Amino acid sequence: MRKKILIAIFLFIIIGISAYLYIYKGHRNIESETADYAVTVSGLEREYTSNDSLAYIKYQDKTIELSARVTSIDKAGNGIVMGEKVFVTFKDRLPQNIISGKNLKIKGRFLGYDELLQEFKIDQSSVVH
């Protein structure tokens with residue numbers, strides 16, 4: 001009987017630790033990750049237009065590289081709009097060398113499509129050189 005209780009306690013501890021580690025994963029460092037996909041704004045639009053469910057599954061919470069023209073800068077919101085359709089926020093602060101109207105390549109975590117604002121969202125971004 002004593003053996004069964006010890007085995008049950010041991011299993012309970014192992015299951016508890018496993019569940020904790022699964023739920024509370026470490027923070028990702030998007031800047032050091034390899035991008036899962038390299039995309040353009042028109043490519044994202046095309047995929048979401050043809051089948052938004054598949055595009056959501058494909059890109060959601062993935063690290064992507066995006067190349068597009070900077071169409072506006074939001075210094076207060078620590079972000080930029082690229083290709084008039086993608087709102088990008090940066091990990092720390094807005095890089096000083098970003099110029100509206102110039103092409104830029106960023107890497108960040110894809111959050112999804114905001115139907116209300118009709119734009120894609122990317123966060124934890126950094127400039128790719």
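Here, every reference points to the structure presented above.
The paragraphs below set out a description of the structure included in this document. Quick caveat, the model's predicted, so the values are computed rather than measured.

### A word on the pattern of salt bridges
Taken as a whole and assessed by the stated rule, the structure comprises eight salt bridges. The shortest N-O distance in the salt bridge between Asp123 and Arg109 comes to 2.6 Å. Of this pair, Asp123 sits in strand β6 (residues 119-127) while Arg109 sits in strand β5 (residues 103-114), and the two are 14 residues apart along the sequence. For Asp123, a relative accessible area of 14% corresponds to the buried category. A salt bridge links Glu119 to Lys121, with the nearest nitrogen and oxygen atoms 3.2 Å apart. One network of salt bridges, in which partners are shared, links Asp61, Arg109 and Asp123.

### Some words on the packing of aromatic side chains
Summed over the entire model, instances satisfying the criterion amount to seven aromatic pairs. For the pair Tyr48 and Tyr113, a centre-to-centre distance of 6.1 Å together with 35° between the ring planes defines the contact as tilted. One end of the pair, Tyr48, is in helix α2 (residues 41-50); the other, Tyr113, is in strand β5, with 65 residues separating them in the sequence. By relative accessible area, which is 11% here, Tyr48 ends up buried. The exposure class of Tyr113 is partly exposed, given its relative accessible area of 35%. With centroids separated by 4.9 Å and ring planes inclined at 55°, the aromatic side chains of Tyr113 and Phe120 adopt a geometry described as tilted. By the ring-pair criterion, three or more aromatic residues cluster together here, those being Tyr37, Tyr48, Tyr59, Phe110, Tyr113 and Phe120.

### As for helix α3 (residues 52-59)
A side-chain oxygen of the first residue of α3 lies 3.3 Å from the backbone nitrogen of Ser53; this N-cap is Asn51. Positive backbone phi, approximately 65°, marks Asp61, located one or two places after α3.

### A short note on the side chain of Ser126
Along the polypeptide, Ser126 turns up in strand β6. In this structure Ser126 touches Glu31, Phe90, Lys105, Ile106 and Lys107, once residues within four positions along its chain are discounted.

### Some remarks on the packing of α2 against α3
The contact between α2 and α3 brings their axes to 5 Å, and the two run at 130°. When the axis of α2 is compared with that of α3, the two are oblique. Of the residues in α3, those in contact with Leu44, Glu47, Tyr48 and Ser50 of α2 are Asp52, Ala55, Tyr56, Lys58 and Tyr59.

### With respect to unusual backbone geometry
One non-glycine residue, Glu84, lies in positive phi territory at about 60°. Its location among the elements puts Glu84 in the loop between β3 (79-82) and β4 (86-90). In the Ramachandran plot, Gln118 falls in the positive-phi region, its phi being about 55° despite a non-glycine side chain. Among the structural elements, Gln118 can be located in the loop between β5 and β6.

Calculation notes
- Residues numbered from 1 in each chain as written.
- Predicted model: local features only at pLDDT ≥ 70, side-chain atom pairs only at ≥ 80, totals over all residues.
- Heavy atoms only, no water.
- Salt bridge = Lys/Arg side-chain N within 4 Å of Asp/Glu carboxyl O.
- Helix = DSSP H or I, 4+ residues; strand = E, 2+ residues; numbered from the N terminus.
- Buried < 20%, exposed > 50% of the residue type's maximum accessible area, 1.4 Å probe, protein only.
- Phe/Tyr/Trp six-rings, centres within 6.5 Å; stacked < 30°, edge-to-face > 60°.
- Polar contact = N/O pair within 3.5 Å; in protein donor to acceptor, adjacent residues only side chain to side chain.
- Contact = heavy atoms within 4.5 Å.
- Axes fitted to C-alpha atoms, helices over the stretch in contact; angles between N-to-C directions.
- Parallel < 35°, antiparallel > 145°, perpendicular 65-115°, else oblique.

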